[in-house]
Amino acid sequence: MKFTEEHEWLLPEGDLVVVGITAHAAEQLGDLVFVELPEAPMTVSKDDEVVVIESVKAASDIMAPLDGEIVEVNEAIVDNPTLVNEDPLGEGWFFKMKLADPSEMDGLLDEAAYKALID
Amino acid sequence: MSELSRTPLYDLHVELGAKMVPFAGYNMPVQYPLGVMKEHLFCRANAGLFDVSHMGQVILRGADYSDVARAFEGLVPMDVLGLGLNRQRYGFFTNDAGGIEDDLMFANRGDHLFVVVNAACKVADIARMKAGLSGVEVIEVTDRALLALQGPKAERVLEALAPGAAEMRFMDVATLSWNGVDLWVSRSGYTGEDGYEISVPNANAADLARALLASDDVEPIGLGARDSLRLEAGLCLYGNDIDATTTPVEAALTWGIQKARRTGGDRAGGFPGAEQILREMAEGATRKRVGLRPEGRAPMRAGTLLYADESSDQTIGKVTSGAFGPSIEGPMSMGYVDKDQSATGTRIFADVRGKRMPAEVVAMPFLPANFKR
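Structural notes, computed from the coordinates. (Residues numbered from 1 in each chain as written. Chains lettered and ligands numbered in written order. Predicted model: local features only at pLDDT ≥ 70, side-chain atom pairs only at ≥ 80, totals over all residues.)

Moving on: the overall build of chain B. When helices and strands are tallied, chain B shows eight helices and 19 strands. For 373 residues, the compact-globule estimate of 2.2 N^0.38 gives 21 Å, and the C-alpha radius of gyration of chain B, at 21 Å, lies within 12% of that figure. Seen through its C-alpha atoms, chain B measures out along the principal axes to roughly 65 × 50 × 45 Å. When each of the 373 residues of chain B is scored for burial, the buried share is 50%. (Helix = DSSP H or I, 4+ residues; strand = E, 2+ residues; numbered from the N terminus. Rg over C-alpha atoms; globule rule 2.2 N^0.38 Å. Buried ≥ 20, exposed ≤ 12 C-beta atoms within 10 Å, placed from the backbone.)

If you want it as structure tokens, here you go:
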């Protein structure tokens, strides 16, 4: 699993990557009450704002971590946004992407580097 | 920036794992480990304990209650003289333009008037009372904390500690005894639930909070859930939903102006802005505070602009408070709209992140209140 400085995680799954937000981010945001996902498939560039989430506190944007195509989104978190708080690294995933250049994953943070970032 | 003040419960909040934030010059708990959503739902199902010690507690003393009440009527458009012994009322200070300078609660305690005002306004309120109440001693109570115990199990929990709580009705006030400590209790609150606000000496505040929290039916509740609870109850937050530029008529708070102070009443007018406010009561105001239920799930937050239709550039108003309501399981907002769009059932549109999203004007509260009348 890799991480971004924007508190997203990426987990390879076959030729796709699953993307979500970290437990740290979920805790900081507080209980989510609203999630707006993009319509798959959608071609995206790194840092495009692709998801809107609202917690009990405020609205935030989730950005595409790398260039590629969003091929599947997790409708379960639209119906039940608190899934993101309950299981951010599992059932609370946001979308699956086919990366334009899978080698770009190597440039992201590993777990130790992400932990160092949030400590 | 000057240093933040702490309430007598500061150490307890930290011990309970609260996330502390600056609020009205105080370091206050915004949430505890339970989280805003669960705190909100727990309070509606059981009882929640809130630290509201940042609010101002003020004693107004004069020759007798009626002297103080008459003077106080010069600052607020409420019937203070007609308030029964050990009864409490909602009120607000007005300014010469008819705007609201602060909202407050006041109680007839026989030999004095007891007033609770908002934290952010208390310095100005006390100055206003000192300047505006001749022959009245204005005493800020700084040696007492203020707790709120709110929710359907509040009665049972407080009665077990301080007998007499159960027999109070909504808006009654009483002095109850807990372990020999005098508690100044009112049966009221800011959640739409039955419950109490409890003034307790600073030295005993943490012990009382611990005694209340010892019950499985009580959890501490932070400012986050306090805000969603009050919004579901349709209650105004001073500084957001009402301020010096909103009149009581615009704010739909004329229910707080009793007959005696209205045109034709025994003591009509005689408060700041009376001419403007009484004229608006007769003729109506150009805008009105309303409740809004967005049609989707996206909350329409404070500052969101409102429109009559999907394409018009002309705003008809603005959201002043907006959040997700955990108990109503959906988003809710309140805000001001032009009079023409203020009728219940009117469909209006809000600009949410550049998209026009529909919402319906609805009656408040969003969730029916649960008071012990």
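It helps to recall that an α-helix has 3.6 residues per turn; residues three or four apart then point in one direction. All names here are of chain B. Within the span of helix 3 (residues 65-72), buried status applies to Y65, V68, A69 and F72. On an axial view of helix 3, the arc spanned by its buried residues comes to 100°, and they lie on one face. On the buried face of helix 3, the contacting elements are strand 4 (56-61), strand 6 (100-108) and strand 7 (112-117). (Arc of directions from axis to C-beta. Contact = placed C-beta atoms within 7 Å.)

So, about the interface of chain A and chain B. Facing the nine residues of chain A at the interface are 12 residues of chain B. Among the secondary structure elements, those contributing two or more residues to the side of chain A that touches chain B are strand 4 (32-36) and strand 6 (49-55) of chain A. A per-element tally of the side of chain A that touches chain B places strand 4 of chain A first, with three residues. In terms of residue class, the side of chain A that touches chain B is built from four nonpolar, one polar and four charged. (Nonpolar A, V, L, I, M, F, W, Y, C, P; charged D, E, K, R; others polar.)

Let us look at the sheet that holds strand 7 of chain B. Backbone-to-backbone hydrogen bonds join strands into a sheet, with any given pair of strands oriented parallel or antiparallel. Residues and elements named next belong to chain B. Pairing in this open sheet of five strands is antiparallel, and the strands run 5-6-7-4-8 from one edge to the other. Each of the sheet's edge strands pairs with one partner strand only, and the pair in question is strand 5 (88-94) and strand 8 (137-140). Ignoring strand direction, the axes of neighbouring strands in this sheet form an average angle of 30°. Pairing geometry for strand 4 and strand 7, over six bridges, is antiparallel. Residue I59 lies in a different strand from strand 7, and its bridge partner there is F114. Packed onto the sheet, helix 3 meets strand 4, strand 6 and strand 7 and runs at close to 40° relative to strand 7. (Pairing = 2+ DSSP bridges. Axes fitted to C-alpha atoms, helices over the stretch in contact; angles between N-to-C directions.)

Remember that the coordinates give geometry; whether it matters functionally is a separate question.
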